[in-house]
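Chain by chain, the residues:
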Amino acid sequence: ISLGVRLKRLTPAAVWRRLTRTVYKQVELSIYFFDVHTVRRLRRPALMKKDSLEDIERFVPTLATDSRAEFIASSRARLAAGNHCYTKVEDGQLVHYGWMAGRQTESYLNIVDQRYHLPDNCAVLFDFYTHPEYRGRGFYPACLLQAAHDAADIPDTDQLFLCIVGSDKSTRWW
């Protein structure tokens, strides 16, 4: 698009919309707590591998801003901290992953840069992702249920915590 066309589109309303998108961001989060007794009544799939560094090494960035090295380093640090990773590889690449951390007292919600204090005896399910070309195949619900059951099996765990971005319709499987 030529500069002349761009300048014609530069109305005060367009400038205002662009400025408010740059300065102001509205994010809706849905926060769910699940009782472990409820989780135990749900089906228990075993579709994902757990804590597989071999699967993590098969990560292929889907966005220009993604870094394979950073993802692998971050995953290794999470595993070293005692978190658990659930993974699915197809066609030689990591197509789905999700994380579970047991015995948490707080959760950091990076999308809103806030900490959320959790009740005692709580596990956290977080950072689920399915490669765009593999969505709609049931990986997310299977992973979520598998991680939830594993979290419910942690001694003295009473509740599970899950936070979902409200605009993310792909997570609305239930």
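Source: prediction; values computed, not measured. (Residues numbered from 1 in each chain as written. Predicted model: local features only at pLDDT ≥ 70, side-chain atom pairs only at ≥ 80, totals over all residues. Heavy atoms only, no water.)

For helix H5 (residues 68-80), built from 13 residues, the straight-helix expectation of 18 Å at 1.5 Å per residue is met to within 8% by its first-to-last C-alpha distance of 18 Å. Where H5 ends, the next residue or the one after it, Gly82, has phi of about 100°, a positive value. (Helix = DSSP H or I, 4+ residues; strand = E, 2+ residues; numbered from the N terminus. Expected span 1.5 Å × (residues − 1).)

Take Thr157: it is sitting in the loop between helix H6 (139-152) and strand E6 (159-165). In terms of polar contacts, Thr157 uses its side chain to reach the backbone carbonyl oxygen of Ile154, at 3.1 Å. Apart from the residues within four sequence positions on either side, Thr157 is in contact with Val36, Arg103, Asn121, Ala123 and Ala151. (Polar contact = N/O pair within 3.5 Å; in protein donor to acceptor, adjacent residues only side chain to side chain. Contact = heavy atoms within 4.5 Å.)

Further remarks concern the layout of surface pockets. Of the pockets and cavities examined, the second largest pocket occupies roughly 300 Å³. Along the walls of the second largest pocket sit 15 residues, with Phe59, Asp66, Phe71, Tyr97 and Asp127 positioned nearest its centre. Of all the secondary-structure elements, those providing two or more residues to the lining of the second largest pocket are H5, strand E4 (93-109) and strand E5 (114-130). (1 Å grid on protein atoms, 1.4 Å probe; cavity = no way out; pocket = protein on both sides within 12 Å on 5 of 7 lines; lining within 4 Å. Points joined across faces, edges and corners; volume = space filled by probe spheres on them.)

For side chains bearing opposite charge, pairing can occur when the charged atoms are close. Applying the stated rule across the entire model yields 10 salt bridges. Across the pair Asp127 and Arg78 runs a salt bridge, and its minimum N-O distance is 2.7 Å. Of the two residues, Asp127 sits in strand E5 while Arg78 sits in helix H5, which places them 49 residues apart along the sequence. Each of Arg44, Lys50, Asp150 and Asp153 takes part in a single network of salt bridges with overlapping partners. (Salt bridge = Lys/Arg side-chain N within 4 Å of Asp/Glu carboxyl O.)

Glancing now at empty space enclosed by the protein. The probe, sized like a water molecule, is rolled over the atoms to show the empty space still left. Under the defined criterion, the tally for this structure stands at 1 cavity of 30 Å³ or more. Within this model, the largest cavity holds a volume of roughly 40 Å³. Lining the largest cavity are Phe59, Val60, Thr62, Leu94, Val95, His96, Tyr97, Tyr129 and His131. Among the elements that take part in the lining of the largest cavity, E4 stands out by supplying 4 residues, more than any other. Tallied by class, the residues present in the lining of the largest cavity amount to 6 nonpolar, 3 polar and no charged. (Nonpolar A, V, L, I, M, F, W, Y, C, P; charged D, E, K, R; others polar.)

The subject of this paragraph is a negative patch on the surface. On the surface, Asp35, Asp120, Asp156 and Asp158 cluster together to form a negatively charged patch. In this fold, Asp158 is placed in the loop between H6 and E6. Classification of Asp158 by relative accessible area gives partly exposed; the value is 38%. (Patch = residues over 30% accessible without salt bridge, like charges linked within 9 Å, V, L, I, M, F, W, Y side chains within 5 Å. Areas by Shrake-Rupley, 256 points an atom, 1.4 Å probe, with all protein chains shown as cover. Lys, Arg positive; Asp, Glu negative; His and termini not counted. Charge placed at Lys NZ, Arg CZ, Asp CG, Glu CD. Buried < 20%, exposed > 50% of the residue type's maximum accessible area, 1.4 Å probe, protein only.)

What follows deals with the pairing of strand E3 (residues 84-90). Alignment of strand E2 (residues 49-50) against E3, held across 2 bridges, turns out to be antiparallel. Its bridge partner being in E3, Lys49 is matched across the sheet by Thr87. Two elements, E3 and E4, share 7 bridges in a ladder whose sense is antiparallel. Note on E4: the bridge partner recorded for His84 is Met100. Taken together, E3 and the strand that follows it, E4, pair antiparallel across an intervening segment of 2 residues, in which Asp91 is found at a positive phi of about 55°. (Pairing = 2+ DSSP bridges.)

To continue, consider the packing of aromatic side chains. How two aromatic rings sit relative to each other is set out by the distance from centre to centre and by the angle between their planes. The full count for this structure, using the stated rule, is 9 aromatic pairs. Ring geometry for Tyr32 versus Phe34: centroids 6.2 Å apart, planes at 20°, classification stacked. Overall, the relative accessible area of 23% leaves Tyr32 in the partly exposed class. Aromatic side chains Phe33 and Phe161 sit 5.2 Å apart centroid to centroid with 55° between the ring planes, which places their arrangement in the tilted category. In this pair, Phe33 sits in strand E1 (residues 29-35) while Phe161 sits in strand E6, placing the two residues 128 residues apart along the sequence. Overall, Phe161 belongs to the buried group, its relative accessible area being 1%. Ring-pair connections join several aromatic residues into one group, and the members of that group are Phe59, Phe71, Tyr97 and Tyr129. (Phe/Tyr/Trp six-rings, centres within 6.5 Å; stacked < 30°, edge-to-face > 60°.)

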